[in-house]
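One letter stands for each residue in the lines below.
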Amino acid sequence: MSDETAAPERLTTGDKIGRWAGLTALIVGGFFPLIWMLLTSLKTEAELQKFPVQYLPGMLNFANYARVFTEQPFARFFFNSMTVSLLSTALCIAVAVPAAYALARLNVRGRGLLLTAVVAFSMFPVVSLLVPLFRLFRGLSLLNSYPALILPYAALSLPVAILTLVAFFSAIPRDLEAAAMIDGTSRVGALMRVVLPLSAPGMVTAALLIFVNSWNEFLLALSFNTKLDMRTVSVGVTLYQGEFAFPWPLIAAAVVIATIPVVMLIAVFQRRFVAGLTAGGVKA
């Protein structure tokens, strides 16, 4: 009997136990912090300080979520983060697409050196760029503005976006573009009508990585935008703590709200995101 028609191999008891153990560890390690944060946000200060530990809240208490918006302008923080993250993602993708296409399709001299430089740039720690960027934006009067975060976020995410898109563009057969150009389409038209639609998983993967990095970034947001109405969510969460008090249920509620956009994006684009990660990992 050929390999194609052979019956699938049955898993042994040990294999099944190993798979279930791995799945359980993944669920506990991945979801337990979020579940614990959600339970903490529903507790009162008294329930949080009980000993032995009270794992479940006595009753569903959503007062902490209301306080998030009344004690600090959290809606403004949320709007700032959404604006900065979306615009930095759009800018980064707009720059990464032609750069990645040129590296994947055109006979660029020194292509290997350029890709090495892209990888090297991605390894720079953000803290080493803080002072030069601060002086630059101060000289340009861009502090406490959206461009002060959009420009560095897009630049810092550019290497990841380029490497991800180069892998996808390289995997698309050149004959498809050649056929489109024979029919009268320009190279730019072939890119827009052929390459980009076929690279949708890679585009989604790159966009989600950029958005999440921009949404979670803390150091630059703390340093460049110091006015209260220009704070982002990642910095705004830290404003609820006092000098001697840490209202953990309130902070937990703010963290849960800040996590919602990322969770929703991953849930909506899960299939394309997973396809993009797996395909990008083997098609280089």
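Residues numbered from 1 in each chain as written. Predicted model: local features only at pLDDT ≥ 70, side-chain atom pairs only at ≥ 80, totals over all residues. Heavy atoms only, no water.

J.: Explain the overall build of the protein chain to me, please; I cannot follow it from the model alone.
T.: Within the protein chain, the secondary structure is distributed over 14 helices and 0 strands. Ordered by position from the N terminus, the helices and strands of the protein chain form the series α-α-α-α-α-α-α-α-α-α-α-α-α-α. Scored against the burial criterion, the 284 residues of the protein chain give a buried share of 37%. Restricting the contact set of the protein chain to residue pairs at least 6 apart, pairs at least 24 apart contribute 74%. Counting only carbon and sulfur atoms, one obtains 69% of the accessible surface of the protein chain, whose full area is about 16,800 Å². (Helix = DSSP H or I, 4+ residues; strand = E, 2+ residues; numbered from the N terminus. Buried < 20%, exposed > 50% of the residue type's maximum accessible area, 1.4 Å probe, protein only. Contact = heavy atoms within 4.5 Å. Areas by Shrake-Rupley, 256 points an atom, 1.4 Å probe, with all protein chains shown as cover.)

J.: What am I meant to see in the pattern of salt bridges here?
T.: This structure, assessed with the given rule, holds 2 salt bridges. Taking the shortest distance from any N to any O, the salt bridge between E71 and R67 comes out at 2.9 Å. Of this pair, E71 and R67 both sit in helix 3 (residues 63–71), 4 residues apart, roughly one helical turn. Among the residues examined, E71 registers a relative accessible area of 40% and is labelled partly exposed. Note that E177 and R105 form a salt bridge whose closest N and O atoms lie 2.3 Å from each other. One end of the pair, E177, is in helix 8 (residues 174–182); the other, R105, is in helix 4 (residues 74–105), and 72 residues separate them in sequence. For the pair E177 and R105, a shared accessibility class is recorded, and that class is buried. (Salt bridge = Lys/Arg side-chain N within 4 Å of Asp/Glu carboxyl O.)

J.: In this structure, what is going on with the nonpolar core? I would like to understand it.
T.: Nonpolar side chains in soluble globular proteins tend to end up buried together. By size, the foremost hydrophobic cluster in this structure holds 22 residues, and its most contacted members are V97, L165 and F169. Listed by contribution, the elements that provide at least two residues to this core are helix 4, helix 7 (147–171), helix 9 (187–198) and helix 10 (200–216). Here the element with the most residues in this core is helix 4; it accounts for 8 residues. Not counting residues within four places of it along the chain, the set of residues in contact with L165 comprises A96, V97, A100, G202 and M203. (Core = buried A, V, L, I, M, F, W, Y, C linked by side-chain atoms within 4.5 Å.)

J.: I keep staring at the side chain of Q54 and nothing clicks. Help me out?
T.: Of note, Q54 is situated in the loop between helix 2 (45–48) and helix 3. Given the relative accessible area of 18%, Q54 is considered buried. A distance of 3.2 Å separates the side chain of Q54 from the side chain of K50, its partner in a polar contact. What Q54 contacts, discounting residues up to four positions off in sequence, is K43 and E47. (Polar contact = N/O pair within 3.5 Å; in protein donor to acceptor, adjacent residues only side chain to side chain.)

J.: I tried to follow the side chain of S145 on my own but got confused; where do I start?
T.: For S145, the location among the structural elements is in the loop between helix 6 (126–139) and helix 7. Discounting residues that sit within four places of it in the chain, S145 has contacts with N225 and M230.

J.: I'm lost on the environment of N216 in this one. Help?
T.: With respect to the secondary-structure elements, N216 resides in helix 10. For N216, a relative accessible area of 49% puts it in the partly exposed group. Once the C-alpha coordinates of N216 and S234 are considered, the two residues, 18 residues apart in sequence, prove to be 6.0 Å apart.

J.: What should I look at first to understand unusual backbone geometry in this one?
T.: Among all residues except glycine, the phi angle is most often negative; among peptide bonds, the trans geometry is most common. F51 connects to P52 through a cis peptide bond whose omega is 5°. In this fold, P52 is placed in the loop between helix 2 and helix 3. Unlike most non-glycine residues, N144 shows phi in positive territory, near 60°. Tracing the backbone through its elements, the reader meets N144 in the loop between helix 6 and helix 7. What makes N144 partly exposed here is its relative accessible area of 22%.

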